[in-house]
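Chain and residue survey
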Amino acid sequence: MQRVLVVGAGFMGAGIAQVCAQAGHQVSLMDVKPEALNRAMEGMKTSVGKLASKGLINDNPGAVLARVTPVDSLESAASADWVLEAALEIESLKLELFAELDRLAKPGTPLASNTSSIPISRLAAATSHPERVLGLHFFGPVPLMGLVEVVKGDKTSDEVFERSMAFVRALGKHPVRVGRDIPGFVMNRVFAAAFREAVDLVANGVTTPEDLDAGMRLGYGWAAGPFEVVDNAGLDTFVLIDRFLQSMGEADLVARCDLVEKMAEQGRLGRKVGKGFYDYTPEGKRVLRKEE
Ligand SMILES: NC(=O)c1ccc[n+]([C@@H]2O[C@H](COP(=O)([O-])OP(=O)(O)OC[C@H]3O[C@@H](n4cnc5c(N)ncnc54)[C@H](O)[C@@H]3O)[C@@H](O)[C@H]2O)c1
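Residues numbered from 1 in each chain as written. Predicted model: local features only at pLDDT ≥ 70, side-chain atom pairs only at ≥ 80, totals over all residues. Heavy atoms only, no water.

**Regarding the side chain of Ser117**
Rule in force here: Starting at the N terminus, helices and strands are each numbered in turn, a helix being any DSSP run of H or I of at least four residues and a strand any DSSP run of E of at least two. We define a polar contact as two N or O atoms separated by no more than 3.5 Å, with the added condition that, inside protein, one atom must be a possible hydrogen donor and the other a possible acceptor, whereas residues neighbouring each other in sequence contribute only through side-chain atom pairs. Any pair of residues with heavy atoms lying within 4.5 Å of one another is described as a contacting pair.
Relative to the elements of secondary structure, Ser117 occurs in the loop between strand S5 (111-113) and helix H5 (120-124). A distance of 2.6 Å separates the side chain of Ser117 from the side chain of Glu89, its partner in a polar contact. Residues within four places of Ser117 in sequence aside, it is in contact with Glu89, Pro183, Gly184, Ile241, Phe244, Leu245 and Met248.

**A short note on the pattern of salt bridges**
Note the threshold: Any carboxyl oxygen of Asp or Glu that lies within 4 Å of a side-chain nitrogen of Lys or Arg is treated as forming a salt bridge with it. The buried label applies to any residue whose accessible area, calculated with a 1.4 Å probe on protein chains only, is under 20% of its type's maximum; exposed applies above 50%, and partly exposed to all values in between.
Scanning all chains against the criterion turns up 16 salt bridges. Among the ionic pairs, Glu89 bridges to Lys94, the shortest N-O distance being 3.8 Å. Across the pair, exposure class does not vary: Glu89 and Lys94 are buried alike. A salt bridge links Glu261 to Arg243; the nearest nitrogen and oxygen atoms lie 2.8 Å apart. Taken together, the residues Glu261 in helix H11 (residues 259-265) and Arg243 in helix H10 (residues 235-247) connect sequence positions 18 residues apart. The exposure class of Arg243 is partly exposed, given its relative accessible area of 45%. Sharing partners across several salt bridges, the network here consists of Glu85, Glu89 and Lys94.

**Notes on the packing of helix H1 (residues 11-22) against helix H2 (residues 34-53)**
We apply this condition: For helices, the axis comes from a line fit to the C-alpha atoms of the stretch in contact; other axes are also lines fit to C-alpha atoms, and the angle between any two N-to-C directions lies between 0 and 180 degrees. Angles below 35 degrees are treated as roughly parallel, those above 145 as roughly antiparallel, those between 65 and 115 as roughly perpendicular, and all remaining angles as oblique. The hand of a helix crossing depends on one turn: near helix anticlockwise from the far one by less than a right angle means left-handed, and clockwise means right-handed. For this scheme, ten residues count as nonpolar: Ala, Val, Leu, Ile, Met, Phe, Trp, Tyr, Cys and Pro. Four count as charged, namely Asp, Glu, Lys and Arg, and the remainder, Gly too, count as polar.
The geometry of H1 relative to H2 is characterised by a closest axis approach of 10 Å and an angle of 50 degrees between their N-to-C directions. As far as their axial angle goes, H2 and H1 are oblique. Here H1 and H2 pass one another in a crossing that is right-handed. For the pair H1 and H2, contact is made by Ala14, Ala17, Gln18 and Gln22 and by Ala40, Met44, Ser47, Val48 and Leu51, respectively. Residue classes in the contact of H1 with H2 are distributed as 6 nonpolar, 3 polar and no charged.

**Some words on the sheet that holds strand S2 (residues 26-30)**
Note the following rule: At least two bridges found by DSSP between two strands are what make those strands a pair.
Pairing is mixed across the open sheet formed by 8 strands, whose spatial order is S3-S2-S1-S4-S5-S6-S7-S8. Strand pairing shows two members of the sheet lacking a second neighbour, strand S3 (68-71) and strand S8 (174-178), which therefore form its edges. Neighbour to neighbour, the strand axes of the sheet diverge by 25 degrees on average, direction disregarded. Bridge count for strand S1 (residues 3-7) against S2 is 5 bridges, and the pairing is parallel. Pairing of Val6 across the sheet is with Leu29, part of S2.

**Considerations on the packing of aromatic side chains**
Worth spelling out the cut-off: Under the pairing criterion, centres of Phe, Tyr and Trp rings, with the six-membered ring standing for Trp, must be within 6.5 Å; the plane angle then separates stacked pairs below 30 degrees from edge-to-face pairs above 60, leaving the rest tilted. Note on geometry: a ring has a charge over it if NZ (lysine) or CZ (arginine) is within 6 Å of the ring centre and within 35 degrees of the ring normal.
This model, assessed by the stated rule, comprises 7 aromatic pairs. Centre to centre, the rings of Trp82 and Phe167 are 4.1 Å apart; their planes meet at 20 degrees, and the pair counts as stacked. Of the two residues, Trp82 sits in strand S4 (residues 82-85) while Phe167 sits in helix H6 (residues 158-170), which places them 85 residues apart along the sequence. One exposure class covers both Trp82 and Phe167, and it is buried. Its guanidinium or amino end placed over the ring of Trp82, Arg163 lies 5.9 Å from that ring's centre, counting from NZ or CZ.

Shown next, in the form of structure tokens:
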């Protein structure tokens, strides 16, 4: 058993806390918004219950949930063996968090970010121990997705990198090595290429999200098409990632039209609000989008 502090209790943080608790770790889940913590704890209860009823976890659901403590400050960083940051994709916010976490955490505790686009080396530069900073990039929904990118910053030590590979394996996930700190890492660069093309094809009236998603599932064996993936991830999160990558001069990586930004402005943020590229019933069932 190790002590883990997860910072940010949104879509990703809640899932990360859950898989750490499922692996037997004692987890503090921190957020600045009490409603995010409440939502995370409720969501976890449902998810752990479902996994247990399908026989996908061996532990008693109550025991898993009892290992997660919601907290409203970073103080438990002092006793943490691992710190996993999954707050909003805003560089200034993450820089502040890393400076504070570096001050609080004991030496040797790895400080990992779940960032999708911000270079790990920039976050590490906010700390006095850049050798313990790295990327642990989970995929959502975290309890269901089998991989984590393990990203080496310019100064991440080999010891911390290898310890993190083992930590990810012990969570039951496949660690994908990212040996160099490049924007978008590996998986998001590949996904961005497909999504950028998909958005162009839909924006130009060549096809629809439903047909393209079905095509990728049936023709290429994807578990979900690109529009389904973005609806699950949240269009607001995608807008933040795109803006950051553009600010880094990586405009080629992101969607070429402003369709996603417009939809986010209209409140079509994806599955979490019941509407995105698709609409969703209150039970979360995907249905074709109603024109507004
Ligand atoms: N959504 C995805 O599919 C996905 C996949 C991989 C990585 N990521 C990355 O994971 C991170 C979180 O994304 P998300 O989709 O969970 O976002 P989210 O909006 O669902 O959750 C972010 C949470 O951070 C909290 N927060 C804001 N300021 C904070 C602070 N100072 N301290 C603690 N918590 C704070 C917010 O209250 C919110 O609950 C981002 O860096 C994102 O790029 C997202």
